[in-house]
Amino acid sequence: MNPVHKSVVIIGGGPAGLASAIRLYEKGIKDIVILEREHQPGGILRQCIHDGFGLTRFKETLSGPEYASRFVDQAKKLGIEIITDTTVIGLTKDRLVTSASPNGLLQYQADAVILAMGCRERTRGALSIPGERPAGVMTAGVAQTYVNLKNTMVGRNVIILGSGDIGMIMARRMTLEGAKVLAVFEIQPYPSGLPRNIEQCLNDYGIPLYLSHTVTGIHGKSRLESVTVSEVDENFKPIPGTEKDYDCDTLILSVGLIPENELSLKAGVTLDPRTKGPLVDENCQTKVPGIFAGGNVLHVHDLVDFVSLEAERLADAVVDWVKTQELPECEIAVEADGPLGYVLPEAISGEKDVTFSMRVRRPMKNCRITISQDGEVLVSKKLKKAIPAEMEQMVLPHAKLKSKNPVKVVICSE
Amino acid sequence: MIEQDTTVTYDCLIIGAGVVGSAIARELSRYCLNIGVLEKEPDVCCETSARNSGVLHAGFNNKPGSLMARFCVEGNRMFDQIAKELDIPYKRTGKLIVGFNEDDRKRLEQMKATGDKNGVPGLELIDKERIHEIAPLVGGEFAMWSPSTAILDPFQYTVGLAENAAKNGVSFFFSHEVTAIETDEDGIYTVTTTKGSFRSRWIVNSAGLGSAKISTMLGIDEYTIYPCRGEYFILDQKIGPMLPVPAYPVPNPKEGGLGIHLTPSIDGNVFIGPSSEYIDSDDDYSVTQHTMDLLIKDGSRIFPYLKKESFIRNFAGIRPKLAPKEEGGYHDFVIERRDEIAPHAINLVGIESPGLTSAVPISKEVVRLIEEVETLKTNPNFDPIRRRTETFRDKTPDEQAELIRQNPDYGDVICRCENITRAEILSAIHNPLGVHTVTGVKYRCRAMMGRCQGGYCQAKISELLMQETGTKKEDLRYCREDGWMFTGDVRTKTETDADKSCEKEDAL
């Protein structure tokens, strides 16, 4: 098989892939291709028919399909090659990309590869929820696919486990379509989704949210008949005696998203155990030179606007890489500390300003993020609150750096 | 599945389409007989046959002289031939039974002596160094090594047997639960099911968990099945390379199981389990918190690399045991013809582990018992060969390119975790037995068995299944007869102007 040469192969035609492609093209890198497994580009936005997208990127509120079409239309106008119905099944560290479609098996040899495969949902199996295995237990994204893309109703009496954003959005969606959503249960002592979704999707519809509760039993031989819910202690262990049964035919799980990196692993990309996405430097370059990652495959975002912005910054670096086959060495390590779950990137060069992305592990009030080096604060930012549901970002101007020693990012209460 | 014809009198009706029922159906189709299989579930392989470790046992756990020992050793020996005929994925990995202390060592020596007596080939006791050569990450101070043990795909095995039986003329009737069996003055059986009645000269009871009930319907009311549940975890394929062979502890003889072990699956996952717990109901496939904790604790002793993030699913199986809890251990298979009570009936009760391994020898025993009563005429058209659909995932790029050239559906990857293509899914739907459930597709082609558990592909597969079988949304079933998937459309399209303008807006 003779591989086709491309400057850049972008794996995934969702928001990250589209935004990086457009930026590359506009900066003169035109020999690029987006490989998309679905029949249409747009990624998960295609099924997100609710609004609230684009407030940061476009200063207006759009539905998911509208937000996607801004990028798809632009890409088409520019003439960017988007090949749909094509699944990438192989990727090597030398950037040989193998893809399958009904038109055949195609291989690309790329100067740079952008990983933009997004994420998948955590399932019942990953949580190991006890109980039987009836039909009617599904993740929120699957329910959303059926209802929004397939015009198919998945149940009438619904319990939702996990207060992730998609779960809350599906609570509203199912209610609007005539289902009865009985309650949302969250194992953490705080919600895991955005405050605006709690307001607009639960409170507006009178759907109760119970914190520190989880499902401890699933009942029904054929179709779900009921679930047992228990209160949990501070170690998330169910408290005996608090069990309560709820009759329902549908259990929707919104219990977390996992970056989809099976392809990255094939290429030998190293993953960060905290984000489950690749370890990357300030250029979004993975540990494998020439392979870059952005969007939800890198770390799960709460707002698509930040996916687009991250992908555009990534594309700027890829432009340099394609032209020179090298990027400034990133010798300065970045370390996260304290209640921060993670900080990206994990290494910087000191030669350009860097936007750090981070997320706290638990909610905090009146806190301060500081970025320091050699014991000296370089920049800091005060926050009224920080919650796990919202990613925080902070820019470090490169002029502030004093040495090549590690940079520390911490958040602490004031 | 075919429609029943009430005017037909079958030569033989087999009750239960697990691996044993399917093997009997195939074995009997070597003869000129009109054979039907009655199954209460919507597919083959819905209970114990599907819910086990997927291991072809060697036969050192069973009492010398027992049917279990004989059929297990035979089943292991003849499996190469069966797998070749039916195109069953399997691998002779061998197996380790690891020990930690002197008690374990004594029991391993006994086990080896039992195995030698049963005719199990190549058993040897090995030291820690050899364990590490065979499986570097498996714990234990010493072990017994059984080279003839293999891993296989239990779904493909049962489906393969059943498809081949169907090809040779056997009729399968799914969702037909037997409720009564009567005989008339000519000795012809009338079998009443939830979907009509059937007549037959012979009955074979291979109903597994339901075998005592069917036995009672035949008038043989002395058996009780004690359901004994075993729970499992399935681990991500990323763990697969760490465990090249099944690793078992030395079993506790009282328990009536083989101990919590780790088994690589033929598709590269790892199973932990099963536990062993007597339960009251024969269809409670629950997994429980206390057992999950136990599996992790016991499994970690043999394989200390169990991390929660590698868990992709739990499941449970139920052993149809004849030995009650107080007694423990194993009761031998009951395979009998009781002419004084039920002539022309072969009664199989308590076919638990090693039932998967023993299925074909059991089926040959059934034929032998029938032949003691009447002479069977060989079916000249019997064709022992069944081929699986070509799989895309395990091919080289050149072979994959060729597959797509021949059939473009091979280029449409629907299950992203397992790389299962539209071609394979369509072939699963249109298999010779017919598929009516989502799990029927899953069991046949592995779609939805990966780490995302159908998160990406289930919607596409259920849509394809409805399309190809002409099933309405509200009639689609997940696994069982009442396991509905959907209530119908979210919104029904009507041709009013208001709706049309709505649709136009949607399109924008």
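Computed from a predicted model, the values in this text were never measured in an experiment.

The rules we used
- Residues numbered from 1 in each chain as written.
- Chains lettered and ligands numbered in written order.
- Predicted model: local features only at pLDDT ≥ 70, side-chain atom pairs only at ≥ 80, totals over all residues.
- Heavy atoms only, no water.
- Phe/Tyr/Trp six-rings, centres within 6.5 Å; stacked < 30°, edge-to-face > 60°.
- Helix = DSSP H or I, 4+ residues; strand = E, 2+ residues; numbered from the N terminus.
- Buried < 20%, exposed > 50% of the residue type's maximum accessible area, 1.4 Å probe, protein only.
- Lys NZ or Arg CZ within 6 Å of the ring centre and 35° of its normal.
- Core = buried A, V, L, I, M, F, W, Y, C linked by side-chain atoms within 4.5 Å.
- Contact = heavy atoms within 4.5 Å.
- Salt bridge = Lys/Arg side-chain N within 4 Å of Asp/Glu carboxyl O.
- UniProt positions renumbered as here; feature names shortened; annotations may be inferred.
- Pairing = 2+ DSSP bridges.
- Axes fitted to C-alpha atoms, helices over the stretch in contact; angles between N-to-C directions.
- Buried area = accessible area lost by both parts, 1.4 Å probe.
- Polar contact = N/O pair within 3.5 Å; in protein donor to acceptor, adjacent residues only side chain to side chain.
- Nonpolar A, V, L, I, M, F, W, Y, C, P; charged D, E, K, R; others polar.
- 1 Å grid on protein atoms, 1.4 Å probe; cavity = no way out; pocket = protein on both sides within 12 Å on 5 of 7 lines; lining within 4 Å.
- Points joined across faces, edges and corners; volume = space filled by probe spheres on them.
- Left-handed = near helix turned anticlockwise from the far one by under 90°.

A. Inspection of the packing of aromatic side chains at higher detail. Throughout the structure, instances matching the rule amount to 19 aromatic pairs over all chains. Between F185 of chain A and Y210 of chain A, the ring centres sit 5.2 Å apart and the planes meet at 15°, which makes this aromatic pair stacked. Here Y210 of chain A lies in strand β14 (residues 209-210) and F185 of chain A lies in strand β13 (residues 180-185), a separation of 25 residues in the sequence. Look at F185 of chain A and you get buried, because its relative accessible area is 0%. Residue Y210 of chain A is classed as partly exposed on the basis of its relative accessible area, which comes to 32%. Lying across the ring of W484 of chain B, R156 of chain A places its NZ or CZ 5.2 Å from the centre. Above the plane of the ring of Y248 of chain B lies K95 of chain B, whose end atom (NZ or CZ) is 3.4 Å from the centre.

B. Layout of the nonpolar core. Grouped together as the largest cluster of nonpolar side chains are 61 residues, with contacts concentrated most on V8, I11, L24, L91, V97, L115 and V318 of chain A. The residues touching V97 of chain A, leaving out its near neighbours within four places in the chain, are V9, I11, L35, V88, G90, L91, L106, Q107, Y108 and V113 of chain A. L67, L86, A150 and W202 of chain B belong to the second-largest nonpolar core, a separate cluster that totals 55 residues.

C. Summary view of the pattern of salt bridges. Residues and elements named next belong to chain B. For the structure on display, the rule yields 72 salt bridges over all chains. With a shortest N-O distance of 3.2 Å, E336 and R338 are connected by a salt bridge. You can call R338 buried: its relative accessible area is 14%. E418 is the salt-bridge partner of R446, the closest N and O atoms lying 2.9 Å from each other. Highlighted residues: R446 in the loop between α11 (438-445) and α12 (458-469) and E418 in the loop between β21 (413-415) and β22 (420-421), separated in sequence by 28 residues. Across the pair, exposure class does not vary: R446 and E418 are buried alike.

D. Focus on the UniProt feature "domain: FAD/NAD(P)-binding" (unreviewed entry) in chain A. Residues annotated in UniProt with the feature "domain: FAD/NAD(P)-binding" (unreviewed entry) correspond here to residues 7-298 of chain A. Across residues 7-298 of chain A one finds 23% helix and 30% strand; the C-alpha atoms that close the span lie 22 Å apart.

E. Structural context of the sheet that holds strand β15 (residues 213-219) of chain A. All names here are of chain A. The antiparallel open sheet is built from three strands, whose spatial order is β15-β16-β17. Every interior strand has two partners, whereas the edge strands, β15 and β17 (244-247), have only one. Put simply, the sheet's adjacent strands are angled 30° from each other on average, direction ignored. Two strands pair when backbone bridges link them, and β15 and strand β16 (residues 226-231) are joined in this way by six bridges, in the antiparallel orientation. Following the sheet pairing, H213 is matched in β16 by E231.

F. Main features of the UniProt feature "domain: BFD-like [2Fe-2S]-binding" (unreviewed entry) in chain B. With numbering aligned to this structure, UniProt lists the feature "domain: BFD-like [2Fe-2S]-binding" (unreviewed entry) at residues 413-465 of chain B. Secondary structure content for residues 413-465 of chain B is 45% helix and 9% strand, and the end C-alpha separation is 16 Å.

G. Region of interest: the interface of chain B and chain A. Listed as interface residues are 53 residues of chain B and, on the opposing side, 45 residues of chain A. Of the roughly 4200 Å² buried where chain B meets chain A, counting both sides, 53% is carbon and sulfur surface. Where chain B meets chain A, there are eight salt bridges. With a shortest N-O distance of 2.9 Å, K238 of chain B and E262 of chain A are connected by a salt bridge. At the boundary of chain B and chain A, one finds 22 residue pairs in polar contact (both at pLDDT 80 or more). Secondary-structure elements contributing two or more residues to the side of chain B that touches chain A are α7 (289-302), β18 (311-321), α9 (397-406), α12 and β23 (488-489) of chain B. When its residues are assigned to classes, the side of chain B that touches chain A shows 21 nonpolar, 15 polar and 17 charged. As judged from the two bridges shared by strand β11 (residues 152-153) of chain A and β23 of chain B, these two strands associate in the antiparallel manner. Residue pairing across strands places M153 of chain A opposite G488 of chain B, the latter belonging to β23 of chain B.

H. Up close: empty space enclosed by the protein. All names here are of chain B. Counted according to the given criterion, the structure contains three cavities of 30 Å³ or more. The computed volume of the largest cavity comes to approximately 70 Å³. Forming the walls of the largest cavity are H57, A58, G59, F60, N61, N62, C72, K95, L258, Y330, S353 and P354. Partitioning the lining of the largest cavity into residue classes produces six nonpolar, five polar and one charged. Size it by volume and the second largest cavity reaches roughly 40 Å³. In terms of lining residues, the second largest cavity is bounded by D236, Q237, N269, I312, C417, E418, G450 and R451. Taken together, the residues of the lining of the second largest cavity break down into two nonpolar, three polar and three charged.

I. Summary view of the side chain of S215 of chain B. Looking at the element boundaries, S215 of chain B is found in helix α6 (residues 211-217). For S215 of chain B, the contacting residues outside a window of four places in its chain are N205, I220, Y223, N347 and V349 of chain B.

J. Local environment of the packing of helix α2 (residues 67-86) of chain B against helix α5 (residues 154-167) of chain B. Residues and elements named next belong to chain B. Running from amino to carboxyl end, α2 crosses α5 at an angle of 65°, the nearest separation of the two axes being 10 Å. For α2 against α5, the interelement crossing comes out left-handed. Each of F79, I82 and L86 in α2 lies in contact with α5, whose residues at this interface are Y157, G160, L161 and N164. Split into classes, the residues belonging to the contact of α2 with α5 amount to five nonpolar, two polar and no charged.

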